[in-house]
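Here's the letter readout for the chains.
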Amino acid sequence: MPELVLWDIDHTLMATRGLGRELWAEAFHQVTGVRMREQADVTGSTERVILRETARLHDVPYTDGLFTAFAEALGAVHLRRVAELRERGHALPGAAAVLSAVAEQGVRQSVVTGNVRGAAEVKLVVFGLDSYLSLDGGAYGEDGEGRPELLRAALKRAAVAPGAAVFLGDTRADVVAGQEAGVRVVAVATGRASASDLRNAGADVVLDDLSDVRRVVAAIGA
């Protein structure tokens, strides 16, 4: 088994069934005073980039201060609407069981996600996944613009070499990030990307989902 397993969150461990966009729009309106008409592409991106591009679409000037305010607002919105998250979203099949099985082998686990930390933590707690993860050792939307940067930040915090870590994600961007950071990637076709898309992107292993716990753990430890 590797020394460190890093997980993407959305569509890898959980799904929010459209509520995520609603919460994002609420936070955007709160900090800009502008109602969101459209949102920049979110697939495989980070909140910092999504905010900057969405602000541009609405002729709103982007600043670091705007992102800081937005990150705080988005975390607060998730906390305020926990009941809806619990009702409409869910952990993906096998997610909790895989996290538990990896933890039982004494392997450290954390997250690498484009979500801001406040939102990520709320979602992980709501879906009962937080107890398996060292959240202080993860990397979030506040830590950079691109996923390779986030992966490197998480590796640095864990003091683990790239070759001793495995990253699980569901997008081509996750696969490319792992390649750039020198981290082995197990891709899961539970998001918009198909298994063939992920395979063609260069993932080391591609799984249809997390439901076969033994198979997932074997892929992580291969």
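Described in the following lines is the structure provided in the data block.

What counts, and at which threshold
Along every chain, residues carry numbers that run from 1 in the direction the sequence is written. Where totals are concerned, whole chains, interfaces and linings use all residues; where local detail is concerned, this predicted model gives features only for residues with pLDDT of at least 70, and gives and counts side-chain atom pairs only at 80 or more. Side-chain measures here rest on the full set of heavy atoms in the structure, leaving out hydrogens and waters. Here a helix means four or more residues in a row that DSSP labels H or I, a strand means two or more in a row labelled E, and each is numbered from the N terminus. Relative accessibility thresholds used throughout: buried, under 20% of the residue-type maximum; exposed, over 50%; partly exposed, between the two (1.4 Å probe, protein chains only). When checking whether two residues touch, look at their non-hydrogen atoms; a contact exists if any pair is within 4.5 Å. Lining residues are those with an atom within 4 Å of a point, where the points come from a 1 Å grid over the protein atoms alone and group into cavities, where a 1.4 Å probe fits but cannot get out, or pockets, open sets with protein on both sides within 12 Å along at least five of seven lines. Grid points are joined across faces, edges and corners, and a volume is the space filled by probe spheres set on the points. Residue classes follow a fixed rule: Ala, Val, Leu, Ile, Met, Phe, Trp, Tyr, Cys and Pro count as nonpolar, while Asp, Glu, Lys and Arg count as charged, and any other residue, Gly among them, counts as polar. Only strands joined by at least two bridges in the DSSP assignment are considered to pair. Only C-alpha atoms enter the line fits that serve as axes; for helices the fit covers just the stretch in contact. Angles between N-to-C directions range over 0 to 180 degrees.

### What about the environment of Q109?
Among the secondary structure elements, Q109 is positioned in strand 4 (residues 108–111). What makes Q109 buried here is its relative accessible area of 2%. The sequence separation of Q109 and G138 amounts to 29 residues, and the corresponding C-alpha distance is 8.6 Å. Not counting the four nearest positions on each side in its chain, Q109 is found in contact with L4, V5, W7, L99, V102, A103, Y132, L133 and S134.

### Thoughts on the layout of surface pockets
By volume, the largest pocket is sized at about 730 Å³. In terms of lining residues, the largest pocket is bounded by 35 residues, among which D10, H11, T16, G20 and V42 are the most central. Elements with a minimum of two residues in the lining of the largest pocket: strand 2 (14–15), helix 1 (19–32), helix 2 (47–57) and helix 3 (64–80). Looking at the lining of the largest pocket, the element that brings in the most residues is helix 1, giving four residues. In terms of residue class, the lining of the largest pocket is built from nine nonpolar, 15 polar and 11 charged.

### So, unusual backbone geometry
A positive phi angle, near 70°, is found at H11, a position not held by glycine. Relative to the assigned elements, H11 resides in the loop between strand 1 (4–7) and strand 2. The phi dihedral of A159 falls on the positive side, at around 55°, and the residue is not glycine. If you trace the backbone, A159 turns up in the loop between helix 7 (147–158) and strand 5 (165–169).

### Here we look at the sheet that holds strand 7 (residues 205–207)
Across the sheet, which stays open at both edges, the five strands sit in the order 4-1-5-6-7 with parallel pairing between neighbours. A strand with exactly one partner marks an edge of an open sheet, and here the two such strands are strand 4 and strand 7. Strand-to-strand twist of the sheet, defined as the mean angle between neighbouring strand axes without regard to direction, takes the value 20°. Bridge count between strand 6 (residues 184–188) and strand 7: three bridges; the pairing is parallel. When the sheet's bridge partners are listed, V186 is paired in strand 7 with V205. Along the sheet face, helix 8 (residues 172–181) touches strand 5 and strand 6 and points at about 175° away from the line of strand 6.

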